[in-house]
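Each chain is listed here by its residues.
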Amino acid sequence: RSFTRGEPELDAREKDLESYVDGLLDRLEDPEEPFALPQATQAPVQPAKAQEAALPLGSLGSRGHPEVCARPCIHFISGSCEKGEACGFCHIDHEKKNVKLDKKQRSLVKALGSQALAQLMLPLCRERLTNAKLSSQGAEVLQILAEFATTPGTPAEAISDHDLKYLRRTMARMNLSCLVSIFQHQHGERSGRLMAAMDHLRTAVGLSMAGPEG
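A short tour of the structure in this document, coming up. (Residues numbered from 1 in each chain as written. Predicted model: local features only at pLDDT ≥ 70, side-chain atom pairs only at ≥ 80, totals over all residues. Heavy atoms only, no water.)

### Focus on the pattern of salt bridges
Scanning the entire structure with this criterion turns up 4 salt bridges. Among the ionic pairs, Asp 163 bridges to Lys 104, the shortest N-O distance being 3.2 Å. Pair noted here: Asp 163 is in helix 6 (residues 161–171) and Lys 104 is in helix 4 (residues 103–131), with a separation of 59 residues, a long-range link. Note on Lys 104: relative accessible area 43%, which makes it partly exposed. (Salt bridge = Lys/Arg side-chain N within 4 Å of Asp/Glu carboxyl O. Helix = DSSP H or I, 4+ residues; strand = E, 2+ residues; numbered from the N terminus. Buried < 20%, exposed > 50% of the residue type's maximum accessible area, 1.4 Å probe, protein only.)

### What about unusual backbone geometry?
For the bond running from His 65 to Pro 66, omega is 5 degrees, close enough to zero to count as cis. Positive phi, normally seen in glycine, also occurs at Lys 133, with a value near 60 degrees. Among the structural elements, Lys 133 can be located in the loop between helix 4 and helix 5 (139–150).

### Remarks on the packing of helix 4 against helix 5
The N-to-C vectors of helix 4 and helix 5 enclose an angle of 155 degrees; their axes lie 7 Å apart at closest approach. In terms of orientation, helix 4 lies roughly antiparallel with respect to helix 5. Considering only the axes of helix 4 and helix 5, their crossing is left-handed. Counted together, Gln 115, Ala 118, Gln 119, Met 121, Leu 122, Cys 125, Arg 126 and Leu 129 of helix 4 and Leu 142, Leu 145, Ala 146, Phe 148, Ala 149 and Thr 150 of helix 5 form the full contact between these two elements. When its residues are assigned to classes, the contact of helix 4 with helix 5 shows 10 nonpolar, 3 polar and 1 charged. (Axes fitted to C-alpha atoms, helices over the stretch in contact; angles between N-to-C directions. Parallel < 35°, antiparallel > 145°, perpendicular 65-115°, else oblique. Left-handed = near helix turned anticlockwise from the far one by under 90°. Contact = heavy atoms within 4.5 Å. Nonpolar A, V, L, I, M, F, W, Y, C, P; charged D, E, K, R; others polar.)

### A word on the packing of aromatic side chains
Inspection of every chain in the model, using the stated rule, returns 1 aromatic pair. Plain terms: the ring middles of Phe 148 and Phe 183 are 4.7 Å apart, the flat faces sit at 55 degrees to each other, and that makes the pair tilted. Residue Phe 148 is located in helix 5, and its partner Phe 183 is located in helix 7 (residues 176–186); the two are separated by 35 residues in the primary sequence. (Phe/Tyr/Trp six-rings, centres within 6.5 Å; stacked < 30°, edge-to-face > 60°.)

### Quick look at the environment of His 65
Structurally, His 65 is set in the loop between helix 2 (48–54) and helix 3 (74–77). As a C-alpha pair, His 65 and Asn 175 span 110 residues in sequence and 9.9 Å in three-dimensional space. Reaching out from His 65, the side chain makes a polar contact with the side chain of His 94 at a distance of 3.4 Å. (Polar contact = N/O pair within 3.5 Å; in protein donor to acceptor, adjacent residues only side chain to side chain.)

### A few points about the side chain of His 91
Relative to the elements of secondary structure, His 91 occurs in the loop between helix 3 and helix 4. Its relative accessible area of 9% is what places His 91 among the buried residues.

### Overview of helix 4
For helix 4, which comprises 29 residues, the first-to-last C-alpha distance of 29 Å sits more than 12% below the rise-based estimate of 42 Å (1.5 Å per residue). Along helix 4, the helix axis deviates most sharply at Gly 113, where the bend reaches about 115 degrees. Regarding helix 4, its N-cap is Asp 102, as a side-chain oxygen of that residue lies 3.2 Å from the backbone nitrogen of Lys 104 further along. Just beyond helix 4, the residue with positive phi is Lys 133, at close to 60 degrees. (Expected span 1.5 Å × (residues − 1). Bend = angle between axes of the 7 residues up to and from the residue.)

### Side note on the packing of helix 4 against helix 7
With their axes 9 Å apart at the nearest point, helix 4 and helix 7 run at an angle of 155 degrees to one another. For the element pair helix 4 / helix 7, the angle class is roughly antiparallel. Helix 4 and helix 7 meet at a crossing whose hand is left-handed. Across the interface between the two elements, Arg 106, Val 109, Lys 110, Ser 114, Leu 117, Ala 118, Met 121, Leu 124, Cys 125, Arg 128 and Leu 129 of helix 4 pack against Leu 176, Leu 179, Val 180, Ile 182, Phe 183 and Gln 186 of helix 7. Of the residues belonging to the contact of helix 4 with helix 7, the class tally is 12 nonpolar, 2 polar and 3 charged.

Honestly, it's all geometry; don't read function into it.
Written as structure tokens, this is what we have:
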């Protein structure tokens, strides 16, 4: 664009702008001078594994995974847990499906009474802690179970050896948290100390156990 002497003089800012626009037009018309419009800067995309590594590991209920953590969070599995790290259920993948008692086994547990149930659970819990190398951290849990095992409670009903073995086989496949929760469910009013000991254990272990299940 050109201006004749008869036009009013432009102020300094207008002249600078005109000069800048003329320069852009000249560059567009010159085929030997490359010209590219400014590109929007974009943050580098992280690979999926890197994104997972950047996420907080687990939740409050994930402490001690997979042996002493809480049950899996059904909301987290569906992708909608609003509590995040404060959730009291486990947010780490459980490769092995949690073992549950069937209706008959639940009836057998109820028939055992607190003392006989503790006697059944004690060696199983000791084995789970030993295998997980948590014997020292879980000593309080074993001590409380031993107290229940030696203290008369609700009289146990007669149970056949076959049924008892059937129940033991299923319980032997459970992790420590599931075993203790059976006692809590049946004798909640008396299991306060036991559950407190489990919470102490989870705090001591933290997320140090979290990782692929063997």
